[in-house]
Amino acid sequence: MDATGFAIAIMAAGKGTRLKSKRPKVLHEIGGQALLLHVIDAAKTVVSAGQIYCIIGHEADRVRAAVAPTGVQFVLQAEQRGTGHALQQVKAYFTETGTAIPKHLLVLSGDVPLIRPETIASICDLHLRENAAMTILTAVPDDPTGYGRVLRASPDKPEVTAIVEQKSLRPDQLATPEINSGIYCFETTKLFRKLDSLSTDNAHGEFYLTDVAAMLVADGERVVAVKADSVNEVLGANTIAEMMHLDAAMRLETAKRLMAQGVTIFRPETCVIDAAVTVGADTTIEPYVQLLGATTIGTDCRIRSYSVIQQSTLGNGVTVRNGCILDSAEVSDGAILGPYAHLRPESRIGENAHVGNFVETKKVTLGKGSKANHLNYLGDATIGAGVNVGAGVITCNYDGVHKHQTIIGDGAFIGSDSTLVAPVSIGAGAYVAAGSCITENVPADALALGRSRQANKPGWAAARRAAKK
Ligand code: UD1
Ligand code: CA
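Read on for a plain summary of the structure. Note that the structure is a prediction, hence the values are computed from the model and not measured.

Parameters at a glance
Residues numbered from 1 in each chain as written. Chains lettered and ligands numbered in written order. Predicted model: local features only at pLDDT ≥ 70, side-chain atom pairs only at ≥ 80, totals over all residues. Heavy atoms only, no water. Helix = DSSP H or I, 4+ residues; strand = E, 2+ residues; numbered from the N terminus. Rg over C-alpha atoms; globule rule 2.2 N^0.38 Å. Buried < 20%, exposed > 50% of the residue type's maximum accessible area, 1.4 Å probe, protein only. Contact = heavy atoms within 4.5 Å. Areas by Shrake-Rupley, 256 points an atom, 1.4 Å probe, with all protein chains shown as cover. Lys, Arg positive; Asp, Glu negative; His and termini not counted. Charge placed at Lys NZ, Arg CZ, Asp CG, Glu CD. Expected span 1.5 Å × (residues − 1). Axes fitted to C-alpha atoms, helices over the stretch in contact; angles between N-to-C directions. Parallel < 35°, antiparallel > 145°, perpendicular 65-115°, else oblique. Nonpolar A, V, L, I, M, F, W, Y, C, P; charged D, E, K, R; others polar. Pairing = 2+ DSSP bridges. Salt bridge = Lys/Arg side-chain N within 4 Å of Asp/Glu carboxyl O. Donors = N, O, S within 2.8 Å, 3.2 Å for Na, K, Ca; no water. Phe/Tyr/Trp six-rings, centres within 6.5 Å; stacked < 30°, edge-to-face > 60°. Lys NZ or Arg CZ within 6 Å of the ring centre and 35° of its normal. Near = heavy atom within 4 Å. Polar contact = N/O pair within 3.5 Å; in protein donor to acceptor, adjacent residues only side chain to side chain.

**What to know about the overall build of the chain**
Tallying secondary structure elements over the chain gives eight helices and 39 strands in all. Compactness check: the chain gives a C-alpha radius of gyration of 31 Å against a globular reference of 23 Å for 469 residues, more than 25% above the reference. Dimensions along the principal axes, computed over C-alpha positions, put the chain at roughly 105 × 50 × 50 Å. Here the chain holds 469 residues, and 49% of them are scored as buried. Long-range contacts, defined as pairs at least 24 residues apart, comprise 40% of the intrachain contacts of the chain with a sequence gap of at least 6. For the chain, the exposed surface amounts to about 21,400 Å²; the carbon and sulfur share of it is 51%. Put simply, the chain has 45 plus and 47 minus side-chain charges, and the middle of one group is 9 Å from the middle of the other.

**Quick look at helix α7 (residues 240-260)**
The terminal C-alpha atoms of α7, which comprises 21 residues, lie 30 Å apart, in line with the 30 Å expected from a rise of 1.5 Å per residue. Residues of α7 that are buried include every one of Met243, Leu246, Asp247, Ala249, Met250, Arg251, Thr254, Ala255 and Leu258, and no others. Contacts made by the buried residues of α7 are with β2 (29-30), α1 (35-44), β12 (264-265), β13 (272-273) and β14 (278-279).

**Remarks on helix α6 (residues 211-218)**
Looking at α6, one finds that the buried residues are Val212, Ala213, Met215 and Leu216. Looking one or two places after α6, you find Gly220, whose phi comes out positive at around 80°.

**Concerning the packing of helix α5 (residues 188-195) against α6**
Axis separation between α5 and α6 bottoms out at 10 Å; the angle between their running directions is 105°. Accordingly, the angle class assigned to the pair α5 and α6 is roughly perpendicular. Judged by residue contacts, Lys190, Leu191, Lys194 and Leu195 of α5 engage Val212, Met215 and Leu216 from α6. When the residues that make up the contact of α5 with α6 are grouped by side-chain class, the tally is five nonpolar, no polar and two charged.

**Things to note about the sheet that holds strand β21 (residues 319-320)**
Reading across the sheet, the eleven strands line up as β12-β15-β18-β21-β24-β27-β29-β31-β34-β37-β39 and stay open at both edges, with parallel pairing between neighbours. Taken across any chain shown, the strands that pair with only one partner, and hence form the sheet edges, are β12 and β39 (447-448). Here two bridges tie strand β24 (residues 336-337) to strand β27 (residues 354-357), and the two strands are oriented parallel to one another. Opposite Leu337, over in β27, you have Val355 as the bridge partner.

**A short note on the pattern of salt bridges**
Following the criterion strictly, the structure yields 21 salt bridges and no others. With its nearest N and O atoms 2.8 Å apart, the salt bridge here joins Asp111 to Lys25. Taken as a pair, Asp111 in the loop between β6 (104-109) and α4 (117-129) and Lys25 in the loop between β1 (6-11) and β2 lie far apart in primary sequence, 86 residues in all. Given a relative accessible area of 9%, Lys25 falls into the buried group. A salt bridge links Lys362 to Asp380; the shortest N-O distance between them is 3.0 Å. Taken together, the positions of Lys362 in strand β28 (residues 360-366) and Asp380 in strand β30 (residues 377-383) put the pair 18 residues apart, joining distant regions of the chain.

**As for the coordination of the calcium ion (ligand 2)**
The coordination sphere of the calcium ion (ligand 2) contains the protein donors Asp111 (OD) and Asn238 (OD1), at a distance range of 2.2 to 2.5 Å. With Asp111 in the loop between β6 and α4 and Asn238 in the loop between β11 (223-227) and α7, the pair connects residues that are 127 residues apart, well separated along the chain. As far as burial versus exposure is concerned, Asp111 and Asn238 are alike and both buried.

**Some thoughts on the packing of aromatic side chains**
By convention here, two paired aromatic rings are described through the distance between centres and the angle between planes. Considering all chains together, one arrives at eight aromatic pairs under this definition. Residues Phe413 and Tyr431 carry aromatic rings whose centres are separated by 4.8 Å and whose planes lie at 15° to one another, so their mutual orientation is stacked. Note that Phe413 is positioned in strand β34 (residues 413-414) and Tyr431 in strand β37 (residues 431-432), a separation of 18 residues in sequence. According to the relative accessible area criterion, Tyr431 is partly exposed, its value standing at 45%. Pairwise contacts between aromatic rings join Tyr53, Tyr93, Phe94 and Phe192 into one cluster. Residue placement shows Lys403 over the ring face of Tyr398; its charged tip is 5.1 Å from the ring centre.

**Let's talk about the site of ligand 1**
Around ligand 1, the structure places 25 residues, and the nearest of them are Gln77, Gly82, Thr83, Glu165 and Asn180. Separating an oxygen atom of ligand 1 from a backbone N or O atom of Gly82 is a distance of 2.8 Å. The protein chains hide 91% of the 760 Å² of surface that ligand 1 would expose on its own. Secondary structure elements with two or more residues in the shell around ligand 1: α3 (83-97) and β10 (179-187).

**Digging into the environment of Ala60**
With respect to the element layout, Ala60 can be found in helix α2 (residues 60-67). On a C-alpha basis, the gap between Ala60 and Leu76 in space is 7.6 Å, while along the polypeptide they are 16 residues apart.

If you want it as structure tokens, here you go:
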């Protein structure tokens, strides 16, 4: 057992019927990460992964595969017969595996993803201080409809008498504003003793974990409630609309954190920024930008509207003009991208290099100060420093079976509309005449002409027009 005497159970076996989705609810994403992973992240700040028991059932293999890298334990709830039934499986698991029963069990819901470590810590503290058998985290949202309600012995006392599910509320209880968050602390043996007495005699025909509250009170045990500081933190995600509300709340938090660190974000509510993103001070992010995954952006950059940057690293002073798409790219200090550049994986753009309009790159190194400004496809290429890649130049990297490399030396000049048929190399300082089809290596400082000679026929056009009359 953990030194704190706490273990954590996360209920994540439900189907999420209200989502009307093939994907299990806890694998739906907000803030760029599965709901369940958010909850596991928070749980891990309290106990080690070995003390976290994830209850899985619906699409168990898929859920297990998605979160196994976190190192948590799994308890299978093969049939999903309610939240009380979920905890019955934890009890059975402890017995069957001979696991020592932790003194306290913190129960989290896989679909209440914004819970903060501080709040978990405060509910654990209160649980110990109050010497309670059950401590319930609650909130008072604008609209409590759909949630279980927490009935207190008296409004200003922590003691609870019962939790009543929405469908079981009597008319006089409908106005009860305080909701059950689905997050609790239990003294484990007291919880386990009650689990076998739960019944399915209710509106959903399920074993409700929430019924344990009144059962413990009936035994003279202490059941208390503590209100969360922020309502958002305990909101559940039962429908896509609720999930998108949480997504927006979470991303706004991320934007606020970045702004507090000196980043200017215009109209942050229009930007989609994942929690793992880092941005340096004095960088400006314009409206409708998406920064996704483990993206790192340096200081003094400008990211213009409609750019989508994922899993990429940008140095300092980089300009990303409108509408660029970057995926797993590395961009060095002072580079200028776009508008409408597409940097695919393993694109490495050197210091002060330019990648301009409608340029696509993939597995490319573009050296310091090099320019590829208009309508290029550059794939599987190593391009040196100070290279000028003219408009419409294309690396023909694929022969239908294999991919081949193009190498361009420092200071080379590739004339517009040339095709470089790989494998091929252009030496440093060489010139390739516009419109060339280059199939052979070009030596350093040479001029390569790979096109047929032009023939002019004087008067031809005029003669043709005259013949038509
Ligand atoms: C539950 C509470 C309700 C509370 C709300 C807060 C009960 C009976 N009701 O209702 O009082 O206001 O959460 O969000 O507990 N799960 C399992 N196995 C099951 C059923 C559910 O693991 O057999 C998991 C689900 O995956 C989910 C969590 O338990 O992560 C809650 O289940 P859900 O069906 O969403 O309960 P609510 O109706 O939201
Ligand atoms: Ca729920």
